[in-house]
Amino acid sequence: MASKILYVCQEITPYLPETEGSRLCRALTQAMQERGNEIRTFMPRYGCINERRHQLHEVIRLSGMNLIIDDNDHQLIIKVASIPAARVQIYFIDNDDYFSRKAVLTDGADNYFQDNDERAIFFARGVLETVKKLRWTPTVVHCHGWFAAVVPVYLKRIFADDPIFRDVKVVVSLYGDGFSGELDPGFGAKIAGEGVKDKNLAILDTPSYENLCRFVMEYADGVVAASPDVDPKVLDMARASGKPMLEYQSPEAEDFFDNYNRFYEAIQ
C-alpha cells in the first residue's frame with residue numbers, strides 16, 4: 001500500500017554537513033519514493049545554506065503569506081531545490097527574521113539562539129500552511145529532530161478538522177540531539193497564542209529537551225528510535241507511552257528501509 005509521506009526535517013545533507021539525522025533524512029526520502037510512496041520534504045532555509053551552489057529558487061505562488069508569532073508579523077518565503085542523484089525535491093521554509101543568520105541553531109560560541117522556540121513555531125506553521133496551498137493530503141507526517149517538535153501539536157489541535165490533515169498519522173523520530181539548559185520560558189505560551197488549547201502545554205513550563213520530547217510524544221501515533229544515542233530517559237518515556245515503536249536498527253541492515261515502510265503501513 002503506497003503512502004503519501006510528509007517529511008519535516010531539521011536537517012538534510014547535502015544542504016548541511018553530514019550528521020546522523022541529515023544522512024538519514026536524505027536516504028529515507030529517496031528510499032520511500034523508490035518504494036512507490038509519494039513524498040514531500042521540508043527543512044528550514046538556514047542562512048548558512050549556499051543557495052547558488054544548491055540552486056535554490058523561490059516559489060512565488062507559495063510565498064508571501066504573513067505568519068504572526070508572539071504578536072509579530074513574519075513573512076513566509078518558500079524556496080525549492082532538487083537533489084538530482086535522488087530525484088527528490090526539497091522545500092525550504094525561509095524568513096529574514098529567523099533564517100538569515102549564517103548558522104543553524106547555535107551562534108559562534110555554540111550557544112543556542114534565544115529565539116529558537118519562535119523559529120521552530122514559524123517552521124511548523126510554515127510547513128503546514130504550504131502543504132495546504134499545495135492541496136496535497138499526506139497520510140503520514142514524519143518529524144525528524146527537535147526543531148520539528150511543534151508540528152505534531154499543530155496537526156492534532158489547530159489543523160485537526162482540516163480535510164488536508166484530518167486523517168493523518170504522525171511519526172516522531174528520536175535522535176541524540178539533546179541540548180542542555182532550556183528554551184525560552186514563554187515557549188508554551190507562544191504555542192497557546194497560536195490557538196492551541198491543551199493541558200499538555202504545561203509540560204513546556206520548563207522547556208527542557210526532555211520535556212520537549214515528552215510533549216511531542218503526546219501527539220505521536222508512532223515513535224522511531226533513529227539513533228543509538230537517544231537520551232535513555234527519553235527512550236524509556238517512548239517505550240512506556242504505549243505508542244507503536246520502531247526500535248533502533250543500523251542503517252546498514254538489509255531490511256532497514258523496508259522496516260520503515262512497514263511501520264508507516266502498520267500505523268495507518
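To keep things clear, this report deals only with the structure shown in the data block. (Residues numbered from 1 in each chain as written. Predicted model: local features only at pLDDT ≥ 70, side-chain atom pairs only at ≥ 80, totals over all residues. Heavy atoms only, no water.)

### Quick look at the nonpolar core
Logical step 1: Counting 100 residues, the largest nonpolar core has Met 32, Tyr 154, Ile 191 and Tyr 260 as its most contacted members.
Logical step 2: The biggest single contributor to this core is helix H4 (residues 116–134), with nine residues.
Logical step 3: With near-sequence residues (within four places) excluded, Met 32 lies in contact with Ile 5, Tyr 7, Asn 37, Ile 39, Phe 257, Tyr 260, Asn 261 and Tyr 264. (Core = buried A, V, L, I, M, F, W, Y, C linked by side-chain atoms within 4.5 Å. Buried < 20%, exposed > 50% of the residue type's maximum accessible area, 1.4 Å probe, protein only. Helix = DSSP H or I, 4+ residues; strand = E, 2+ residues; numbered from the N terminus. Contact = heavy atoms within 4.5 Å.)

### Regarding the pairing of strand S4 (residues 66–69)
Every regular strand shows the same layout, with side chains that alternate between the two sheet faces.
Logical step 1: Only one face of S4 is covered, namely the one carrying Leu 67 and Ile 69; the face carrying Asn 66 and Ile 68 has none of its residues buried.
Logical step 2: Here S4 folds back onto strand S5 (residues 72–75), and the loop between the two strands holds two residues, one of which, Asp 70, carries a positive phi near 55 degrees. (Pairing = 2+ DSSP bridges.)

### Concerning the packing of helix H7 (residues 209–217) against helix H8 (residues 232–240)
Logical step 1: One way to put it is that H7 packs onto H8 with a least axis distance of 10 Å and a crossing angle of 15 degrees. By the criterion of interaxial angle, the relationship of H7 to H8 is roughly parallel. Seen along the crossing, H7 lies across H8 with a hand that is right-handed. Contact residues: Tyr 209, Glu 210, Cys 213, Arg 214 and Met 217 in H7; Lys 233, Val 234, Met 237 and Ala 238 in H8.
Logical step 2: A per-class count over the contact of H7 with H8 returns six nonpolar, no polar and three charged. (Axes fitted to C-alpha atoms, helices over the stretch in contact; angles between N-to-C directions. Parallel < 35°, antiparallel > 145°, perpendicular 65-115°, else oblique. Left-handed = near helix turned anticlockwise from the far one by under 90°. Nonpolar A, V, L, I, M, F, W, Y, C, P; charged D, E, K, R; others polar.)

### Description of the pattern of salt bridges
Once the charged atoms of two side chains with opposite charge are near each other, the side chains can pair.
Logical step 1: Following the criterion strictly, the structure yields 18 salt bridges and no others.
Logical step 2: Residues Glu 38 and Arg 40 are paired through a salt bridge, measuring 3.6 Å at the closest nitrogen-oxygen approach.
Logical step 3: Residue Arg 125 pairs with Glu 129 through a salt bridge whose shortest N-O separation is 3.1 Å. Taken together, the residues span about one helical turn, with Arg 125 and Glu 129 both in helix H4 at a distance of four residues.
Logical step 4: Each of Arg 45, Glu 51, Lys 79 and Asp 94 takes part in salt bridges that share partners, so that together they form one network. (Salt bridge = Lys/Arg side-chain N within 4 Å of Asp/Glu carboxyl O.)

### Observations regarding the packing of aromatic side chains
Each aromatic ring pair is summarised here by two numbers: the centre-to-centre distance and the angle between the ring planes.
Logical step 1: All told, the structure shown has 19 aromatic pairs when counted by the stated rule.
Logical step 2: Taking the centre distance of 5.3 Å and the plane angle of 45 degrees together, the rings of Tyr 112 and Phe 179 count as tilted. Residue Tyr 112 is located in the loop between helix H3 (96–99) and H4, and its partner Phe 179 is located in the loop between strand S9 (169–174) and helix H6 (187–193); the two are separated by 67 residues in the primary sequence.
Logical step 3: What makes Tyr 112 partly exposed here is its relative accessible area of 34%.
Logical step 4: In this structure an aromatic cluster arises from ring pairing among Tyr 46, Tyr 98, Phe 99, Tyr 112, Phe 122, Phe 123, Trp 146, Phe 147, Phe 179 and Tyr 209.
Logical step 5: When the ring centre of Phe 113 is taken as origin, the NZ or CZ atom of Arg 101, which lies over that ring, is 4.7 Å away. (Phe/Tyr/Trp six-rings, centres within 6.5 Å; stacked < 30°, edge-to-face > 60°. Lys NZ or Arg CZ within 6 Å of the ring centre and 35° of its normal.)

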